[in-house]
Amino acid sequence: MSTVESSYRIDVADDKIQQLKQKLALTVFPDELEDAGWDYGVPLTDVKRLVTHWKDDYDWKKHEAELNEELPQFTRDIEVDGHGALNIHYVHKKSEVVDAIPLLFVHGWPGSIIEVRKILPLLIQASPDHPSFHVVTFSLPGYGFSEAPKKKGFALQEFAQVGHKLMLSLGYNEYVTQGGDWGNWITKRIAHIYGGKHVKAWHSNMPTISPPQLFNRPWVFLNNLLASYSADDKNGLERSKWFSEKGMGYFIEQSTQPQTLGYSLADSPAGLLAWIYEKLVTWTDKYPWNDDEVLTWVSIYWFSRAGPAASVRIYYEVNKKGEFVTPKEKYATIPTGYSYFPQELIRPPRRWLKMPHLVFEGKHSSGGHFAAHEKPEELVGDLRTMFGKVGPAHSVVPGKTGYRL
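Draft legend 1. View of the overall build of the protein. Looking only at helices and strands, the protein features 15 helices and nine strands. In terms of overall size, the protein behaves like a compact globule, its C-alpha atoms giving a radius of gyration of 21 Å where 405 residues would be expected to give roughly 22 Å. For the protein, the spread of C-alpha atoms along the three principal axes comes to 55 × 50 × 40 Å. Residue burial in the protein is summarised as follows: out of 405 residues, 56% are buried. For the protein, long-range pairs separated by at least 24 residues make up 78% of all intrachain contacts whose partners lie at least 6 apart in sequence. Working note: accessible area of the protein is about 17700 Å², and carbon and sulfur atoms make up 53% of it. Positive and negative side-chain charges in the protein, numbering 45 and 48 respectively, have mean positions lying 7 Å apart.

Draft legend 2. Summary view of the packing of helix α2 (residues 44-56) against helix α11 (residues 269-282). Closest axis-to-axis distance for the α2/α11 pair is 10 Å, and the angle between their directions is 125°. Judged by the angle between their axes, α2 and α11 are oblique. The chirality of how α2 crosses α11 is right-handed. Contacts from Asp46, Val47, Arg49, Leu50, Val51 and Trp54 of α2 reach α11 at Pro269, Ala270, Leu273, Ala274 and Tyr277. Of the residues in the contact of α2 with α11, the class split is nine nonpolar, no polar and two charged.

Draft legend 3. Summary view of the packing of helix α5 (residues 156-169) against helix α6 (residues 182-194). Here α5 crosses α6 at 75°, and the two axes come no closer than 9 Å. Here α6 runs roughly perpendicular to α5, going by the angle between their axes. Here Leu156, Gln157, Phe159, Ala160, Gln161 and His164 of α5 lie close against α6, whose contacting residues are Trp182, Trp185, Ile186, Arg189, Ile190, Ile193 and Tyr194. Here the residues of the contact of α5 with α6 are counted per class, giving nine nonpolar, three polar and one charged.

Draft legend 4. Looking closely at the side chain of Gln178. Mapped onto the fold, Gln178 is located in strand β6 (residues 175-179). A distance of 2.8 Å separates a polar atom in the side chain of Gln178 from a polar atom in the side chain of Asn205. Every residue in contact with Gln178, bar those within four places of it in the chain, is listed here: Leu103, Leu104, Phe105, Val106, Thr187, His203, Ser204, Asn205, Leu379 and Leu383.

Draft legend 5. Up close: the pattern of salt bridges. This structure, assessed with the given rule, holds 19 salt bridges. Across the salt bridge formed by Glu64 and Lys61, the nearest N and O atoms sit 2.9 Å from each other. Residue Glu64 and its partner Lys61 are located together in helix α3 (residues 60-70), separated by three residues, close to a single helical turn. Judged by its relative accessible area of 5%, Glu64 falls in the buried class. Its relative accessible area of 27% is what places Lys61 among the partly exposed residues. Among the ionic pairs, Arg117 bridges to Glu66, the shortest N-O distance being 3.5 Å. Of this pair, Arg117 sits in the loop between β4 (101-106) and α4 (120-123) while Glu66 is found in helix α3, placing the two residues 51 residues apart along the sequence. Take Glu66: its relative accessible area is 28%, and that puts it in the partly exposed class. The network of salt bridges with common partners includes Asp11, Lys61 and Glu64.

Conventions we followed
Throughout, residues of each chain are indexed from 1 in the direction in which the sequence is written. Given that this is a predicted model, residues contribute local features only at a pLDDT of at least 70 and side-chain atom pairs are listed and counted only at 80 or more, while totals for whole chains, interfaces and linings are drawn from all residues. The side-chain numbers reported here are obtained from all heavy atoms of the structure, hydrogens and water having been left aside. Runs of H or I in DSSP of at least four residues are treated as helices and runs of E of at least two as strands, each being numbered from the N terminus. Each radius of gyration reported is based on C-alpha atoms, and the globular scaling rule is 2.2 Å times the count of residues to the power 0.38. For every residue, the accessible area obtained with a 1.4 Å probe (protein chains only) is divided by the maximum for its type, and the residue is called buried under 20%, exposed over 50%, and partly exposed between those limits. We call two residues contacting when some pair of their heavy atoms lies within 4.5 Å. Note on areas: Shrake-Rupley, 1.4 Å probe, and residue coverage restricted to the protein chains presented here. When charges are counted, neither His nor the chain ends are considered; positive counts come from Lys and Arg and negative counts from Asp and Glu. Where a charge lies is defined by one atom per residue type: Lys uses NZ, Arg uses CZ, Asp uses CG and Glu uses CD. Fitted lines through C-alpha atoms serve as axes, helices being fitted only where they are in contact, and the angles separating the N-to-C directions of these axes extend from 0 to 180 degrees. In what follows, roughly perpendicular refers to angles from 65 to 115 degrees, roughly parallel to angles under 35, roughly antiparallel to angles over 145, and oblique to any angle outside these ranges. Crossing handedness is read from the near helix: turned anticlockwise from the far helix by less than a right angle, it gives a left-handed crossing, and turned clockwise, a right-handed one. Under the grouping applied here, Gly and all other residues not named as nonpolar or charged are polar, the nonpolar ones being Ala, Val, Leu, Ile, Met, Phe, Trp, Tyr, Cys and Pro and the charged ones Asp, Glu, Lys and Arg. Any pair of N or O atoms that falls within 3.5 Å is considered a polar contact. Within protein, one atom must be able to donate a hydrogen and the other to accept it, and sequence-neighbouring residues count only if both atoms are side-chain atoms. The working definition used for a salt bridge is a side-chain nitrogen of Lys or Arg within 4 Å of a carboxyl oxygen of Asp or Glu.

Quick look at the structure:
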């Protein structure tokens, strides 16, 4: 391990690629009911097609080279309280704008640093019409090419600590954040712990909150009783209901028995593929995935440093600590921005989300859970508006307006 920054390039050994192809060749597929479609999960025809393509035609080395070309990657050790030093893999790209705003982007599951790929060139872009950003993102510990925790109890506090200490190590003592999925929860915790002194604002494309209660948010609670829901609110509640009733099986398993699931994810590439592909399709808004795109997302998990089982333990740790519920005293007290995409998994009525520090809201007519990948222009547009010259979070980072070359 090294305590200083080291350049990094993804370089999966040929024997690992060959082992993957051998495992794919030995895949035993399940049967399927007639006319099952997506009612029971991923259709057999989809998985057979993807497995065949992964085995025979997909060129990991081509996509590996593209990732290395597009994403400047590094590693360094980050000391985490109670867990020692972890070697963290990250992407760091500076804008040519001297006063660019330092931004920490945090991915989730089943994503990786690949989620920054489309938004990175947009965020660093210099223009007199919008702010520019210095961008940092990291492979969460246990994901991609970061080292995994070895001890129990690595939950939101620890993930937040990694992200914050990484920013400090890069010289960004003051910065802003953006995230969805686990990125939402981790950046929310970063905002709570380090907000004010270090973190100046945060933005999420997956805003979550519990229904208002009389004793924690009385005005929102009363308003919720008296006001009717808009059509958009009703659609959001229907989407949330679908996720609760039809899409939460993975969550329950990963939150309670991650090790049991891990044996299948670590040993069966076809099983890992189906587990992730289901989410890529059902969590997006009719996004036109191509097979190479899907397989690159999944291959990052298959070739990950710790193996794919490590990535699902966060669900168990956060659930065990009860961190999915955010008490009032842990609400962020820094400028907050939300982007709303109609096919997000959890879509509470917007009035539930009203907080004194909510300064920006961006509403979109299409898009789903993976906003940075599905709708990069829209997501970056919201960040530019929030932090732009006439935006509500302009100049929140002292001396970093995002404009001066």
